[in-house]
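Notes for the structure review
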Amino acid sequence: MLKNFWYALCLSREVAAKPIRVTALGNELVIYRTSKGEPRVMSDLCVHRGGALSDGWTKGDCIVCPYHGWEYQDDGACVRIPANLEGVAIPKKARVDAYPTREKYGFIWAFLGDLPENERPPMVEFPEFDDPKYKPLWGDYWWDVHYTRAVENGMDIAHAPFVHAGSFGNPDEPEVENYEVEETILGGDATVNLNPPPARGIYSKLRGGKERPPVRTTGGFRMPNITRLQVRLPFGDFVLYTCHLPVDDNKTRSIWLQLRSFFTKNFFDKDSMRRVIKIFNEDRRTVTEQRPELLPYDLAAELHVRADTIQISYRKLRNKYLDMGWGIDTHRIQSEYANVKAVVIPSPARREIPELAKAWVMKEVPVRNTKHGKDRNGGSGLNT
């Protein structure tokens, strides 16, 4: 898992007045809206006695801990301790980690890391979202896989004829033409012509029984966990952005946005939703059974062929950020801190407040081999 990136944590429609809990990167976060309806993301951990802020309530722009009523303003600082006598100062350490938050593309995003603003990677852009010809549709899919396997599956070209033979894959023509990866900001795209199977259902009627031409298809990724699929059909395009949120090492929530330039009436949403979920269901068993569960750090640990060029590009870029120390060593956390200490992803405020800055520095640990595969994460990437 990687810190210091923008993550889509949930759908906008999930966050109302009542705070909610979201688990991401193995950490529990609380999301709520201020009095102006603006979303905020914090660690779901009251610094007093470890109460869950997500079980509390909002008061103006503050969130209130349900245990002792401590009130935290939206930058994470505690502004009221009800048990204190009048005039007693609130300690500077009385704050929770609050993360830069944005609402965009129908998602709630947070920057999960401690980098200052001018050093942060940009948020990924979904340019088609503002194009009025596209109809948006949102959904999600939970599965028991490591997010890196879900990411690679989402951009994999060669698996379609076999895993999706009953949908859009053509087992009679499995060859993948040579392609080059087109680099983008924080990622890359691969475009090929795929030969689809004979059309069925409504699509067959649209084709009038004619043979289907090759479909120009683009699969790609955006760091740290987003896949992009664009399919150019004869009657229109659809683009699918999927944010594969790492809940923990064994669970991923794939939050997706589909944009289609055909069948744009709301009436067709149900069928579009069904088709997206059908594809995920077809992928489910294959990805769940992959071993090792975690994507290997060593590029030579798995055999690659020319059709895997886009996945190799992803692995190299991911390794770059791991080597920069942006990894979160979940295995160290589970072995050394489980049930002993609470851990949180450091937020930018820790760099700005001297009393807190010392608290999150942790010594590095050596590269290790685990049952999930080799991963180079350096320090744990979390604060205890």
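Owing to the predicted nature of the structure, the values given are computational and were not obtained by experimental measurement.

A few words on the overall build of the protein. Check the secondary structure of the protein and you find eight helices and 20 strands. With 384 residues in all, the protein has 51% of them scored as buried. By element, 51% of the accessible surface of the protein is carried by carbon and sulfur atoms, the whole surface being about 18300 Å².

According to the stated counting rule, one finds 19 aromatic pairs in the structure shown. For the ring pair Trp6 and Phe111, a centre distance of 5.8 Å and an interplane angle of 65° mean the geometry is edge-to-face. Remark: Phe111 occurs in strand β11 (residues 107–112) and Trp6 occurs in strand β1 (residues 5–11); sequence separation between them is 105 residues. A single burial state applies to Trp6 and to Phe111, both of which are buried. Grouping aromatic residues by their ring pairs yields a cluster made of Tyr105, Phe107, Trp109, Phe126, Phe129, Trp138 and Tyr241. The ring centre of Phe111 lies 5.2 Å from the NZ or CZ of Arg120, which sits over that ring.

So, about a negative patch on the surface. A cluster of like negative charges, contributed by Asp172, Glu173, Glu175 and Glu211, occupies part of the molecular surface. As for its placement among the helices and strands, Glu211 is situated in the loop between α3 (201–207) and β15 (215–222). Overall, the relative accessible area of 74% leaves Glu211 in the exposed class.

Positionally, Gly60 belongs in the loop between β5 (57–59) and β6 (62–64). Its relative accessible area of 47% is what places Gly60 among the partly exposed residues. In the structure, Gly60 is positioned 27 residues away from Arg33 in sequence and 9.6 Å away in space, judged by C-alpha atoms.

Before going further, it helps to spend a moment on helix α1 (residues 147–155). Burial runs high along α1: eight of the nine residues are buried. Taken as a whole, α1 has its buried residues at Tyr147, Thr148, Arg149, Ala150, Val151, Glu152, Asn153 and Met155.

Turning our eyes to something else, we now look at the sheet that holds strand β7 (residues 71–72). A sheet is described by the order of its strands in space; here four strands give the open sequence β5-β6-β7-β8, paired in antiparallel fashion. With partners counted over all chains shown, the strands left at the sheet margins are β5 and β8 (78–80), one partner each. Looking at chain direction, β5 and β6 are connected through three bridges and run antiparallel. The residue of β6 that forms the bridge with Trp57 is Val64.

Our next topic: the sheet that holds strand β12 (residues 135–143). Reading across from one edge, β12-β18-β17-β16-β15-β14-β13 is the order of the seven strands in this open sheet, with antiparallel pairing throughout. Both edges of this open sheet fall to β12 and β13 (182–184), since each of them pairs with a single strand only. When strand polarity is set aside, the average angle formed by the axes of neighbouring strands in this sheet is 20°. Two elements, strand β17 (residues 236–248) and strand β18 (residues 251–260), share ten bridges in a ladder whose sense is antiparallel. Looking at β18, one finds that Cys243 is bridged to Ile255. Across the face of the sheet, helix α4 (residues 269–288) comes into contact with β12, β17 and β18 while running at roughly 30° to β12. Docked against the sheet, helix α5 (residues 309–323) engages β14 (187–194) and β15, running at close to 10° with respect to β15.

What follows deals with α4. Between its terminal C-alpha atoms α4 stretches 28 Å, which fits the 28 Å expected from 20 residues at 1.5 Å a residue. Along α4, the residues that are buried comprise Asp269, Ser272, Val276, Phe280, Asp283 and Val287. Taken together, the buried residues of α4 touch β12, α1, α2 (160–163), β17 and β18.

The subject of this paragraph is unusual backbone geometry. The amide bond that connects Met223 to the next residue, Pro224, takes the cis arrangement and shows omega of 5°. If you trace the backbone, Pro224 turns up in the loop between β15 and β16 (226–233). Cis rather than trans, the peptide bond between Arg291 and Pro292 has omega equal to -5°. With respect to the secondary-structure elements, Pro292 resides in the loop between α4 and α5. One non-glycine residue, Leu25, adopts positive backbone phi at about 55°. Positionally, Leu25 belongs in the loop between β2 (20–24) and β3 (27–33).

As a further point, take the nonpolar core. By size, the foremost hydrophobic cluster in this structure holds 60 residues, and its most contacted members are Leu2, Leu9, Phe107, Trp109, Leu112, Phe126 and Met223. Once residues lying within four places of it in the same chain are set aside, the contact partners of Leu112 are Lys3, Asn4, Phe5, Tyr7, Leu9, Ala24, Leu25, Leu29, Tyr99 and Ile345. Counting 14 residues, the second largest nonpolar core, distinct from the first, contains Val30, Tyr32, Leu53 and Tyr72.

Next up on the list: the pairing of β17. As a general feature of sheets, a regular strand has side chains that alternate between the two faces. Counting buried positions over the 13 residues of β17 gives eleven, a clear majority of the element. Between β16 and β17, which pair antiparallel in sequence order, lie two residues. Taking the residues that link successive antiparallel strands as the turn, the β17-β18 hairpin has two residues.

Conventions we followed
- Residues numbered from 1 in each chain as written.
- Predicted model: local features only at pLDDT ≥ 70, side-chain atom pairs only at ≥ 80, totals over all residues.
- Heavy atoms only, no water.
- Helix = DSSP H or I, 4+ residues; strand = E, 2+ residues; numbered from the N terminus.
- Buried < 20%, exposed > 50% of the residue type's maximum accessible area, 1.4 Å probe, protein only.
- Areas by Shrake-Rupley, 256 points an atom, 1.4 Å probe, with all protein chains shown as cover.
- Phe/Tyr/Trp six-rings, centres within 6.5 Å; stacked < 30°, edge-to-face > 60°.
- Lys NZ or Arg CZ within 6 Å of the ring centre and 35° of its normal.
- Patch = residues over 30% accessible without salt bridge, like charges linked within 9 Å, V, L, I, M, F, W, Y side chains within 5 Å.
- Salt bridge = Lys/Arg side-chain N within 4 Å of Asp/Glu carboxyl O.
- Lys, Arg positive; Asp, Glu negative; His and termini not counted.
- Charge placed at Lys NZ, Arg CZ, Asp CG, Glu CD.
- Pairing = 2+ DSSP bridges.
- Axes fitted to C-alpha atoms, helices over the stretch in contact; angles between N-to-C directions.
- Contact = heavy atoms within 4.5 Å.
- Expected span 1.5 Å × (residues − 1).
- Core = buried A, V, L, I, M, F, W, Y, C linked by side-chain atoms within 4.5 Å.

Keep in mind that these numbers describe shape and distance, not what the molecule does.
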